[in-house]
Amino acid sequence: MLLMKLRKSQGRYRRVGTSFVAIKPSKSDYVFNFLVDLFLLVLLVIIAVPLWSTITLSFRPNDYIGNNLQGMFLAPWEWSSAAYKALLGNQGFILAFKNSFLILVGGVASALVLTIPLAYVLSIPTLPGRKYLNLLIIVPYVFNVGMIPSYLLVTNLGLIDHLAAIFLPGAISTYNCLIMRSFFEGLPNELKESARIDGASEIQVLLRIILPLSKAIIMTIGLFYGVSFWNDFFHAMLYLNSNLLQPLPILLRNILMASGMNEYVEVSAFGDAPIAAIKAASVFMSAIPMIAAYPFIQKYFTKGTLLGSVKG
Amino acid sequence: MKKHCTRSMLVAVVLLASLALFAQGAKEPAGPTTIELWYGAAVTEAGPPPSDWVGFEIIREKLGIELKLTALPSNESDQDVKVQAAAAANNLPDLFMVRRDVLGRLVPQGLIAPVDDLYAKMPVRTANHYDAVSKSHARIGGKTYGLADPGSIMKNEGLLIRKDWLDNLGLEIPKTTDELLTVMRAFSFNDPDGNGRNDTWGYGAFQEINNYEAWPGRRLEPLFGAFGVDGTWSLEETGAGLNLLKPEFYDAMLFLKQIADEGIIDPNWLSYKKDDFRAAWKQGRFGIMREQNAAFAAQSNYAPFDKNFPQGNWVIIDPPKGPQGKASIGPYTANFRIYAISAKAAKEGKTDKIAALLEWMASEEGYYLLGWGVEGVNYTKDANGIPVAANLPNADLAFSAPGGQTVTQLRNMVFYNGDIELYARYPKYTTEVSKKEMSALAVLREMQTKAWTAQIGSDTLPIPNADLKRFYEQGLSEFITGKRSLTPAAWSKWLDEFKRLGGQDWNDKGVAFARENNLLTN
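Residues numbered from 1 in each chain as written. Chains lettered and ligands numbered in written order. Predicted model: local features only at pLDDT ≥ 70, side-chain atom pairs only at ≥ 80, totals over all residues.

A. Broad picture of the overall build of chain A. Each helix and strand in chain A was counted, giving 16 helices and two strands. Sorting the 312 residues of chain A into buried and exposed places 30% on the buried side. Expressed as a percentage of contacts within chain A between residues at least 6 apart in sequence, the contacts between residues at least 24 apart total 71%. (Helix = DSSP H or I, 4+ residues; strand = E, 2+ residues; numbered from the N terminus. Buried ≥ 20, exposed ≤ 12 C-beta atoms within 10 Å, placed from the backbone. Contact = placed C-beta atoms within 7 Å.)

Here it is, written out as structure tokens:
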């Protein structure tokens, strides 16, 4: 029903000869559009309120004491950048940020380098044993091996205390690989055929024909990988023993757990900045790279996911 | 050519054979022994000791140990996951901090080495850190499998009341539960701060629950203590078991419900988190609370209250006496940080080195270095020999400043709540606005004089499964919030259901465990 209405409302113009004539939207179009707008507005509020709350909290001064916290939330009249100064002046935070960045870059690069060829190979209909290969990657995806075997594998590979331990074991995500495979399958076969007729090898077909047409899916899958590597706490906690390698999520967790840090001693790792502001600032700062990346990738995002999901 | 090859091969065989011969008699290289230590950091988010930390050099040169440090995650369940994953891969570090129940799971797998022999090898440390209670804390099947170091200070909380509000209203410090109710009503409805608004409450709390302080938790223990049912368990020989099953618990629930119904407890107590609670008393929302000594009186913690209410004055009071004359701030237990030695390390012959390391940490050199850093850089000593953060060339590196945190990350391995630590940790100071002289140590000492319920070892008793725990907590809170009516019949019915769901079994197992481990008192 909704889809039918959607189709109707999209026909704002109709063709008359060589020109287009606007169609007056019906009452149901207005109602439908209103409901969609309302839904999006609610969604915006759900997302924006906690974000705004975090931002105002991160700028709250140490000596702010007031009963009217709601007022402070809506229109903060007292600002302090102490929390940000403390974080940016903290060597541990900078180091964690750097580690996270290395994991992000290394992770996305290795994941794409490994996922693209696999997805491409699996998309070739004439590949011998294609069904079994598909089964080979889908079965472990459905029946996850669990933490201990993964830990043993990483240990035996000598990856404990290497940043690669965070991204290498999960460099090929089956889910992402299947989306990409579907995208490749959707590309016109004639393009590949003509390249092959011109003497191109499969690698050349992939590099010269397929990849230039796959910007949307690569950006989308890259974003999926990037977000998961950037936020990965669990693997870092398990596999990284050296504190010099700890990425941002680990530090963030430690900061968020430090609510009682002034409880027993007269010290904190972040000087005089209020702990609540430190927590909020660290949450906000760790989200900035992903928030910043989204607008640039957004235009590919919808296209990439939709294209990849049409066929499967 | 053939002859040349044969000769060469012969020489090679002889050389290889001689190498093997030499190898048999060769000693291990005389380099330092690597000890991998997973420690509980003092301030995890501050980062580890730097690679050029002087401690590494001293430990290498004096003890022949190459110390490799890893800070465990700050969250206990994360710690458990990390330790257990390493255990599953037989990849435990040589020495590591571990919680008691995880230790209990690792020992039967043969992954942990007993430490009974180590005490004699560490006379100084044993004298300061390990008493009979500590040794029995990690005893499993007759052997001790962990070095249980003193944890946080015992009896470090107290019941506090706004004396300035009492004075404003012409009231006395309450001594009984009835008097407490009177004061709470006055604090809630008689404008004790004189601001003309009805914005204060008698009591403030939040739900702070742990193994031995079940719902409603630590902050309300003084109220339940008045009925003799503070804490999850009663460890008295007569009547040992879950307090919940005692008739007095129902009386305590009625008392708490009366407080909630009359609106004389800050209504946010069910939703407050620790930070909210602490922000609330600094905002003057309530006049009676149970609080920790440093969270109340340490300089940075008290400063916002001092600024907001220069005339404000919290005093420590005795817990109120209930109808039977009982009173208690709450249960206390001796808590420990357990350090265990992996069986792998013992097999590799590292036990003596570990003992030497721990004993050095307890020596004067190790104690001050790990506790406060380098003298003249991170601290100086005052006339009484107490480390202070004064007269330092770079104040940012003081042990109490952010820059000094990394070099004292191992301080929890050397601190045993001795006088030097307490004086250094809680120095006297004058508040900025009201110019009051404050000392979190004086507050601590006074709190420790009040009535408490000894429940040593109650934190090691069995815990309920998640469903039963949820039933327990949700049921009790529903009685207080009015979702369930608190009548003898409804209470009895709910208790029957609780027992049926495993509560009776939990009670019986707890009593059996307490009896088995000599935790019951007369």
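B. Fine view of the overall build of chain B. Each helix and strand counted, chain B has 21 helices and 20 strands in total. Dimensions of chain B, computed from the C-alpha atoms along their principal axes, are close to 110 × 60 × 40 Å. When each of the 522 residues of chain B is scored for burial, the buried share is 46%.

C. Spatial organisation of helix 9 (residues 174-186) of chain A. The end-to-end C-alpha distance of helix 9 of chain A is 18 Å, a good match for the 18 Å that 13 residues give at a rise of 1.5 Å each. Residues of helix 9 of chain A that are buried include every one of N176(A), C177(A), I179(A), M180(A), R181(A), F183(A) and F184(A), and no others. (Expected span 1.5 Å × (residues − 1).)

D. Structural view of the packing of helix 5 (residues 91-123) of chain A against helix 9 of chain A. Residue and element names in this part refer to chain A. In contact at an axis separation of 8 Å, helix 5 and helix 9 are set at 50° when each is read in the N-to-C sense. Judged on the interaxial angle alone, helix 9 and helix 5 are oblique. Here helix 5 and helix 9 pass one another in a crossing that is right-handed. Every residue of helix 9 that contacts helix 5 at T115, I116, L118, A119, Y120, L122 and S123 is listed here: N176, C177, M180, R181, F184 and E185. Across the contact of helix 5 with helix 9, the residue classes break down as eight nonpolar, three polar and two charged. (Axes fitted to C-alpha atoms, helices over the stretch in contact; angles between N-to-C directions. Parallel < 35°, antiparallel > 145°, perpendicular 65-115°, else oblique. Left-handed = near helix turned anticlockwise from the far one by under 90°. Nonpolar A, V, L, I, M, F, W, Y, C, P; charged D, E, K, R; others polar.)

E. Expanded view of the pairing of strand 15 (residues 336-342) of chain B. Residues and elements named next belong to chain B. Of all seven residues making up strand 15, seven are buried, and the element is well covered by its neighbours. Side chains F336, I338, A340 and S342 project from strand 15 onto one buried face, and the interleaved R337, Y339 and I341 project onto a second face that is buried too. Of the pairings in the sheet, the one linking strand 3 (residues 95-98) to strand 15 comprises four bridges and is antiparallel in character. Within the sheet, the bridge partner assigned to L95 lies in strand 15 and is I341. Where strand 4 (residues 112-113) and strand 15 come together, two bridges link them in antiparallel fashion. Within strand 15, the residue paired with A113 across the bridge is I341. Strand direction decides the pairing type here: strand 7 (residues 147-150) and strand 15, joined by four bridges, are antiparallel. Paired with D149 across the two strands is R337, which belongs to strand 15. (Pairing = 2+ DSSP bridges.)

F. Local environment of the domain arrangement of chain A. Residues and elements named next belong to chain A. Per the domain assignment, the segments of chain A are domain 1 (2-58) and domain 2 (84-310). With four residues of domain 1 in contact, the opposing surface of domain 2 contributes six residues. Classifying every residue of the side of domain 1 that touches domain 2 gives two nonpolar, two polar and no charged. (Domains from an automatic or database assignment.)

G. Region of the structure containing the confidence of the model for chain A. Residues and elements named next belong to chain A. The pLDDT averaged across chain A works out to 81; a share of 81% of its residues lies at or above 70. Taking the mean pLDDT of every element in chain A, the minimum, 44, falls on helix 15 (residues 261-264) and the maximum, 93, on helix 8 (residues 164-167). In the predicted structure, residues 5-9 sits below a pLDDT of 50 and forms seven contacts with residues beyond four places in sequence or in another chain. Predicted confidence for residues 260-266 stays below pLDDT 50, and this span has 19 contacts to residues more than four positions away or in other chains. (pLDDT = per-residue confidence, 0-100.)

H. How the structure looks around the packing of helix 16 (residues 351-362) of chain B against helix 17 (residues 364-372) of chain B. Residues and elements named next belong to chain B. The geometry of helix 16 relative to helix 17 is characterised by a closest axis approach of 4 Å and an angle of 75° between their N-to-C directions. Between helix 16 and helix 17, the angle falls in the class roughly perpendicular. Contact with helix 16, carried on its side by W360, M361 and A362, involves G366, Y367 and L370 of helix 17 and no other residues of that element. Considering only residue class, the contact of helix 16 with helix 17 consists of five nonpolar, one polar and no charged.

I. Focus on the confidence of the model for chain B. On average, residues of chain B score 90 in pLDDT, and 94% of them reach the 70 mark or higher. Contacts of residues 8-28 of chain B to residues separated by more than four positions or lying in other chains number zero contacts, the stretch itself having pLDDT below 50.

J. The pairing of strand 12 (residues 286-292) of chain B, seen in detail. Residue and element names in this part refer to chain B. Buried residues dominate strand 12, accounting for seven of its seven residues. Strand direction decides the pairing type here: strand 8 (residues 157-162) and strand 12, joined by five bridges, are antiparallel. Within strand 12, the position partnered with L159 by the bridge is R290. Relative to strand 12, strand 9 (residues 201-203) runs parallel, the two being bridged by two bridges.

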